[in-house]
Amino acid sequence: MRQQGILTVVSGFSGAGKGTIMKALLETYDNYALSISATTRKPRPGEENGREYFFITKEEFEALIEQEALIEYARYVDHYYGTPRAYVEEQLSLGKDVILEIEIQGALKVKERFPQALLVFITPPEAKELERRLTGRGTEERQVIEKRLLRAAKESDGMDSYDYIVVNDVVEDCTRKLHELIQSQHLKVVHNRELTEKIKGELKELVGSPESD
Ligand code: 5GP
């Protein structure tokens, strides 16, 4: 009896350390598939097309929207970001637990389209840490950092729409908690209809047709 994979959306403010957590999750545990988004932003030093993102033009992105090839998309600090549909659907049907690392507007659209999706928000223990991490990574200009912090402040109300919040203090702890959350979803009754139907059928066979009482 193979179950469909669990679709998990992971969001968090820019600088919350999501990238590190995703990397650790994939390296530490099996059965995860990380969706690679399409974006119109330029690659940062060290990023590769097809690994961190599919880096495409605005025209190419708009063509994907037109073809309904994206599960969701959003604009974030002057650029488009979106989740290609085909990979996610294929991996879920293979039983892989698929992770979408996306921002809040996209997360809410996913929840609308896939009500069973698990929404997890990752946050540093305190807001000051965001600025420290964004400045420390040295890949963004001051103006972009400020826009990202402003966006974080705007996004913070959206945390209430998530199912779970995990503090990223120690990477290993945060990664393990995320893994356990996702794995516990496999036990939900909605993800085990085949099993519940099987047991019901077996019980009926065992007792003959159940009498009403
Ligand atoms: P970054 O430019 O730092 O890689 O990503 C900026 C923001 O866009 C992050 O919050 C990231 O989670 C989000 N993001 C990345 N891919 C997608 C996507 O496919 N859809 C949406 N809605 N957001 C995305």
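The coordinates are above.
Below, the structure is looked at part by part. Residue indices follow the written sequence of each chain, beginning from 1 at its first position. In view of the model being predicted, local features appear only for residues whose pLDDT reaches at least 70, and side-chain atom pairs are presented and counted only at 80 or more, with totals across whole chains, interfaces and linings using the full set of residues. Each side-chain value is derived from all of the structure's non-hydrogen atoms; neither hydrogens nor water enter the calculation.

A look at the packing of helix 5 (residues 128-137) against helix 6 (residues 142-155)
Helix-helix packing: each pair is described by the crossing angle between the helix axes and the interaxial distance.
Here comes step 1: Angles run from 0 to 180 degrees between N-to-C directions of axes, and those axes are lines fitted to C-alpha atoms, restricted for helices to the stretch in contact. What counts as a helix is a DSSP run of H or I of at least four residues, what counts as a strand is a run of E of at least two, and both are numbered from the N terminus. Packing of helix 5 against helix 6 leaves a shortest axis separation of 11 Å and a crossing angle of 150°. By the criterion of interaxial angle, the relationship of helix 5 to helix 6 is roughly antiparallel. As for the relative orientation of helix 5 and helix 6, their crossing is right-handed in sense. Counted together, Leu-130, Glu-131, Leu-134, Thr-135 and Arg-137 of helix 5 and Arg-142, Ile-145, Arg-148, Leu-149 and Ala-152 of helix 6 form the full contact between these two elements.
Here comes step 2: Looking at the contact of helix 5 with helix 6 residue by residue, the class counts come to 5 nonpolar, 1 polar and 4 charged. Put simply, angles under 35 degrees are roughly parallel, angles over 145 are roughly antiparallel, angles from 65 to 115 are roughly perpendicular, and the rest are oblique. In a left-handed crossing the near helix is turned counterclockwise from the far helix by less than a right angle, and in a right-handed crossing that turn is clockwise. Any two residues having at least one pair of non-hydrogen atoms within 4.5 Å are treated as being in contact. Classification used: nonpolar for Ala, Val, Leu, Ile, Met, Phe, Trp, Tyr, Cys and Pro, charged for Asp, Glu, Lys and Arg, polar for all others including Gly.

Let's talk about the packing of aromatic side chains
Here comes step 1: Aromatic rings from Phe, Tyr and Trp, taking only the six-membered ring of Trp, are treated as a pair when their centres fall within 6.5 Å; an angle between ring planes under 30 degrees marks them as stacked, one over 60 as edge-to-face, and anything in between as tilted. Evaluated as defined, the whole model comprises 8 aromatic pairs.
Here comes step 2: Taking 4.6 Å as the distance between ring centres and 0° as the angle between the ring planes, the aromatic pair formed by Phe-61 and Tyr-80 counts as stacked. Residue Phe-61 is located in helix 2 (residues 58-66), and its partner Tyr-80 is located in strand 6 (residues 79-84); the two are separated by 19 residues in the primary sequence. Tyr-80 shares its class with Phe-61; the two are buried.
Here comes step 3: Between the aromatic rings of Phe-121 and Tyr-162, the centroid separation amounts to 5.1 Å while the plane-to-plane angle is 75°, which identifies the pairing as edge-to-face. With Phe-121 in strand 8 (residues 118-123) and Tyr-162 in the loop between helix 6 and strand 9 (164-167), this pair connects stretches of sequence that are 41 residues apart. Per residue, the accessibility class of Phe-121 equals that of Tyr-162, and both read buried.
Here comes step 4: Three or more aromatic residues link up through ring pairs in this structure, and these residues are Tyr-53, Phe-55, Tyr-76 and Tyr-81.
Here comes step 5: Geometrically, a charge over a ring is one whose NZ (Lys) or CZ (Arg) sits within 6 Å of the ring centre while staying within 35 degrees of the ring normal. Against the face of Tyr-73 rests Lys-109, its NZ or CZ located 5.0 Å from the ring centre. Exposure categories follow from relative accessible area, calculated using a 1.4 Å probe and restricted to protein chains: below 20% of the type maximum is buried, above 50% is exposed, and the middle band is partly exposed.

A look at a nonpolar patch on the surface
Here comes step 1: There is a patch of nonpolar side chains on the surface, built from Leu-195, Ile-199, Leu-203, Leu-206 and Val-207 and spanning about 490 Å² of accessible area.
Here comes step 2: Classification of Val-207 as exposed rests on a relative accessible area of 58%. Think of a patch as exposed residues, more than 30% relative accessible area, with no salt bridge, where like charges cluster within 9 Å and nonpolar side chains (Val, Leu, Ile, Met, Phe, Trp, Tyr) cluster within 5 Å. To be clear on the numbers: accessible area is Shrake-Rupley with a 1.4 Å probe, and residue cover counts the displayed protein chains and nothing else. In what follows, salt bridge is the name for a side-chain nitrogen of Lys or Arg lying within 4 Å of a carboxyl oxygen of Asp or Glu.

Focus: the pattern of salt bridges
Here comes step 1: Counting across every chain of the model gives 23 salt bridges.
Here comes step 2: Of the charged contacts in the structure, one is a salt bridge between Arg-51 and Glu-48, with a shortest N-O distance of 3.6 Å.
Here comes step 3: Given a relative accessible area of 44%, Arg-51 falls into the partly exposed group.
Here comes step 4: Among the ionic pairs, Glu-62 bridges to Lys-58, the shortest N-O distance being 3.5 Å. Highlighted residues: Glu-62 and Lys-58, both in helix 2, separated by 4 residues, approximately one helical turn.
Here comes step 5: Take Lys-58: its relative accessible area is 44%, and that puts it in the partly exposed class.
Here comes step 6: Where salt bridges share partners, they join Arg-41, Arg-44, Glu-47, Glu-140 and Arg-148 into one cluster.

Treat this as a map of the structure, not an account of what it does.
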